[in-house]
Amino acid sequence: MIGNVFMDNLWLAVVMPFIGFILIGVFYRARWHKLSALTAIAAVGVSTVIGWASAINYFFGGYLGQTMELKKFQWLQFSANLAASFGVLVDDISMVLVVVVTTISLSVHIYSVAYMGGDPGFRRYFAFLNLFTFSMLGLVVSVSIVQIFVFWELVGLSSFLLIGFYYTKPSAVAACKKAFIVTRFADFGFLIGLFLLGYFACGFDFIYLTSNDTIQKLASQHVPIIGVDILTLSALLIFAGAAGKSAMFPLHVWLPDAMEGPTPVSALIHAATMVVAGVYLVARMFPLYCHSEFALNTVMCIGAFTSLFAAIIALTQFDIKRVLAYSTLSQIGYMMLALGVASEENTSGFSASIFHLTTHACFKALLFLGAGSVIHALETNDLRKMGGLAGYMPWTHWTFLIACLTIAGVPPLSGFFSKDAILMAAFGSGHYLVFGVALATAGLTAFYMFRIYFMAFQGNLNNESAHPHESPILMRLVLVVLAILSAISGFLPFQRLVHRGEIFHEHGLLIPVVSVLVSGCGIITAWVFYGLGLPIADRFAYAFGPIYKWAFNKFYIDDLYYIVTHKIIFRYICSPFNWFDRNCVDGLMDLIAKAILLSGEWTRKTVVGKISVYLLWSVLGVILIILGLVSWSYLGLSIEKGLTAIAVVALVFVFVWQLILNLLNRSEPLKKIDRD
Amino acid sequence: MNIPIGHYLIFSAIIFVLGIYGLLTRRNMIALLISIELVLNAAAFNFAVFHCFMHGGDPAGTVFTLIIIAIAAAEAATLLAIAVVITKQRRELDTEKLASLKN
């Protein structure tokens, strides 16, 4: 079978972008723009072909339901029965993610050729993109939690590098540092969870960790003081890492700021792939979460809260990329929510989550790239300076409209199916409050997406100086391809392809109809508010005064972070430590150095360059030793102790002598040495 | 042989210390050479004394004495040759003033 060859060589799909990264980053010259882009696209292209071929073979070639570890090797042997291995894990979710990552990455690579054209950092950009693709692919095919952690950090690094791509811009530098520190902070939890699992389960491999025996073993052990079982604790800690990467509340603060990076990067990393790594991690460890109700409920609550919270903020923002960033937060919250409502008995939420992940990757990448096209044409992010773009950029307009309809959940586009699957899973699980939150979020999503649409593409252009133009052919091509993908990917028989255990279908028409109605309300409201050209929106904002202001300032979470970090942690914890470090730790070092310097200066004065003086020293020393030995032998102590004591006495003598010389200012030979 | 060993040793010690004192205080090269000779001779004398008192007629002890005398001769010859050359060139033998080779 031809597909089998591809699956066996899936590791090549991971390694190709890395080779590209090394080639572009190390061997190419900065001005080899075309060659850099070609290499990067070729590398990702090969990965895409292998990824798609393996996925098709996996899903339709009779492998469905199997979990395979290919090319597995031991990387670190911690002890006799604890080893971390690297390899390629092939199962349903990893194959889905491989397809998503390679496809979106390839689209973004091609799009970037046009978008980034003429940028002096062109080569660097493509090297980083390839590095990211490599890390992300390595992450999704991880066989062990250690491997996933390594690649987890690598995607964090490439995200950091790409957010700070315009490193001369202070805001970009601040944003990349913020992203790195917040995710690192979360990864600390992940790392502890990883160690806990390794210590108590004696293994890092996913297949081993998610087996029933291991889960029973983990669930039966308890942390001494707190009383939580290891399973729940490690699941929560790992979820902390996942929440950091996926920007769940309250660790979401980095994602909107990460929009400082180039727009295609936002599309690839901060919308479609890296930020869903958290969802993927939870899905990967799903059997563990299944057996810990508390951990699963935490995932659900945080997901639901984040989805609503971010959607409310998205209503008020005026930066097109920030609205999309909050929308991403909201949609990832949706996926987390879907994972949270899944249970051992009814895992429909699991497949709904991965389904939504896939469709979201398509339409959110499309939205970002569409926004990139708009930004490319207008060179502004501000929605208030846009308007009437439909006439200037028809391709962007139509693809953006499709993306908006998709995310709003209009049938028969893909967003409808995946969102519906999540709503049904939430309803079916009996968490009606969560279902209500999800439904409300769906309505808000439709509203804020069409708010963008009407503000940017309809009405009149509010910017006299701008001369909008349609984007280059490459960008349009990518937009069209992604639009087609977002439109049709909902027809995949996803619940049959990706599932854990049995799935109970609810074929009722109630929920789809309700969700479409809610989305329709959202769209119509947006049209009334922004499409008619009436100042209704401002009146509403005025009417909701404080709440609006609250949401507009992102519920002051960033300010809260600022207060906690700067005003409390930096001032009351870090400053004292800093003082202690400067004055006590460094001071001790300085003291030692100074003492040695001083003693060096003293002893240096004994080196006068006259043989007779040296001879005097040695004679004095000999006399001292003899005297010491004689007196010691009278006192009856051992020779060794005597010699030590003599040495000490001699040193003291030398120093005292030198001190005397110093005080008498007889250091004239020093000048001769200094002369050189 | 009524003289006890202590007398010999005190004698050689006096010579040795005189030599050291000369080395420490004199600045004339010839004087230094004489001082070194004194030190070496004190050592050689000690060897000879110990040889006589400890081992009787065993020749091993005297070998050191002879070696020291030979070395002292060679050293004196070298130093004198250097002194002659320096005197020819610089017209002086004061070591303080001959320190220009240093640095």
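Residues numbered from 1 in each chain as written. Chains lettered and ligands numbered in written order. Predicted model: local features only at pLDDT ≥ 70, side-chain atom pairs only at ≥ 80, totals over all residues.

**Student:** So what's going on with the overall build of chain A? Residues and values would help.
**Tutor:** Counting its secondary structure elements, chain A contains 30 helices and two strands. The globule rule puts the C-alpha radius of gyration for 676 residues at 26 Å, and the 33 Å found for chain A is more than 25% above it. If one aligns the C-alpha atoms of chain A with their principal axes, the spans along those axes are about 110 × 65 × 55 Å. Across the 676 residues in chain A, those meeting the buried criterion constitute 50%. (Helix = DSSP H or I, 4+ residues; strand = E, 2+ residues; numbered from the N terminus. Rg over C-alpha atoms; globule rule 2.2 N^0.38 Å. Buried ≥ 20, exposed ≤ 12 C-beta atoms within 10 Å, placed from the backbone.)

**Student:** Outline the overall build of chain B, supporting the account with residue identities and numerical values.
**Tutor:** Tallying secondary structure elements over chain B gives three helices and zero strands in all. Shown N-terminal to C-terminal, the secondary structure of chain B runs as helices and strands in the order α-α-α. Relative to the globule expectation of 13 Å for 103 residues, the C-alpha radius of gyration of chain B, 17 Å, shows a markedly less compact shape. Projected onto its principal axes, the C-alpha positions of chain B cover 50 × 25 × 25 Å.

**Student:** Quick rundown of the packing of helix 20 (residues 414–429) of chain A against helix 21 (residues 432–457) of chain A? Include the residues and the values.
**Tutor:** Residue and element names in this part refer to chain A. Contact pair helix 20 / helix 21: the axes reach a minimum separation of 8 Å and the direction vectors enclose 160 degrees. Of the possible angle classes, the one that applies to helix 20 and helix 21 is roughly antiparallel. Crossing hand, helix 20 versus helix 21: left-handed. Contact with helix 20, carried on its side by Lys419, Ile422, Leu423, Ala426 and Phe427, involves Val434, Phe435, Ala438, Leu439 and Ala442 of helix 21 and no other residues of that element. Within the contact of helix 20 with helix 21, the residues separate by chemical class into nine nonpolar, no polar and one charged. (Axes fitted to C-alpha atoms, helices over the stretch in contact; angles between N-to-C directions. Parallel < 35°, antiparallel > 145°, perpendicular 65-115°, else oblique. Left-handed = near helix turned anticlockwise from the far one by under 90°. Contact = placed C-beta atoms within 7 Å. Nonpolar A, V, L, I, M, F, W, Y, C, P; charged D, E, K, R; others polar.)

**Student:** So, the confidence of the model for chain A: which residues are in play, and what are the values?
**Tutor:** Should the pLDDT be low somewhere, the predicted coordinates at that spot are not to be read in detail. Mean pLDDT over chain A works out to 84, with 95% of the residues at or above the 70 mark. Between residues 667–676 of chain A, whose pLDDT stays under 50, and residues either more than four places distant or in other chains, the model counts 10 contacts. (pLDDT = per-residue confidence, 0-100.)

**Student:** Pulling in residues and values, what's your account of the packing of helix 21 of chain A against helix 24 (residues 510–531) of chain A?
**Tutor:** Residue and element names in this part refer to chain A. The geometry of helix 21 relative to helix 24 is characterised by a closest axis approach of 7 Å and an angle of 35 degrees between their N-to-C directions. In the packing of helix 21 onto helix 24, the handedness of the crossing is right-handed. Residues belonging to the contact of helix 21 with helix 24 are distributed by class as follows: 16 nonpolar, seven polar and one charged.

**Student:** Before we move on, can you summarise helix 17 (residues 348–378) of chain A with the specific residues and values?
**Tutor:** Residues and elements named next belong to chain A. The end-to-end C-alpha separation of helix 17 is 43 Å, in line with the 45 Å expected for 31 residues at 1.5 Å each. Considering bend angle alone, the principal kink of helix 17 is centred on His360 and spans about 25 degrees. Burial of helix 17 is extensive: 29 of the 31 residues sit out of reach of the surface. Phi turns positive, to about 60 degrees, at Glu379, one or two residues after helix 17. (Expected span 1.5 Å × (residues − 1). Bend = angle between axes of the 7 residues up to and from the residue.)

**Student:** Kindly report on the nonpolar core, identifying the contributing residues and their values.
**Tutor:** Residue and element names in this part refer to chain A. With 216 residues, the main nonpolar core has Val282, Leu337, Ala365 and Ala438 as its most contacted residues. With 18 residues, the single largest contributor to this core is helix 21. The residues contacting Ala438, other than those within four sequence positions of it, are Ala304, Ser307, Tyr334, Leu337, Ile422, Leu423 and Ala426. (Core = buried A, V, L, I, M, F, W, Y, C linked by C-beta atoms within 7 Å.)

**Student:** Tell me about the pairing of strand 2 (residues 82–90) of chain A, residues and numbers included.
**Tutor:** Residue and element names in this part refer to chain A. The pairing of strand 1 (residues 68–79) with strand 2 spans eight bridges and is antiparallel. Each bridged residue has a counterpart across the sheet, and for Phe73 the counterpart in strand 2 is Phe86. The antiparallel pairing of strand 1 with strand 2 creates a hairpin that spans two residues between the two strands. (Pairing = 2+ DSSP bridges.)

**Student:** Give a description of the confidence of the model for chain B that names residues and reports values.
**Tutor:** Here chain B shows a mean pLDDT of 84. Residues at 70 or above account for 91%. Across the predicted assembly, pTM comes out at 0.76 and ipTM at 0.72.

**Student:** Could you give an account of helix 2 (residues 29–55) of chain B, with specific residues and numbers?
**Tutor:** The terminal C-alpha atoms of helix 2 of chain B, which comprises 27 residues, lie 38 Å apart, in line with the 39 Å expected from a rise of 1.5 Å per residue. Residues of helix 2 of chain B that are buried include every one of Leu32, Leu33, Leu38, Leu40, Ala42, Ala44 and Asn46 of chain B, and no others.

**Student:** Kindly report on unusual backbone geometry, identifying the contributing residues and their values.
**Tutor:** Residue and element names in this part refer to chain A. Pro250 follows Phe249 through a cis peptide bond whose omega is 0 degrees. Looking at the secondary structure, you find Pro250 in the loop between helix 10 (230–245) and helix 11 (254–257). Cis geometry marks the peptide bond from Pro411 to Pro412, where omega comes out at 5 degrees. Among the structural elements, Pro412 can be located in the loop between helix 19 (394–408) and helix 20.

**Student:** Residue-level account of the environment of Phe457 of chain A, with values.
**Tutor:** All names here are of chain A. Tracing the backbone through its elements, the reader meets Phe457 in helix 21. Look at Phe457 and you get buried, because 24 C-beta atoms sit within 10 Å. Residues within four places of Phe457 in sequence aside, it is in contact with Leu389, Ala390, His397 and Phe400.

**Student:** Summarise the environment of Ile569 of chain A; cite the residues concerned and give the values.
**Tutor:** All names here are of chain A. With respect to the secondary-structure elements, Ile569 resides in helix 27 (residues 557–604). Between the C-alpha atoms of Ile569 and Val648, which are 79 residues apart in sequence, the distance is 49 Å. Dropping the residues within four chain positions of it, Ile569 is found in contact with Val564 and Cys574.

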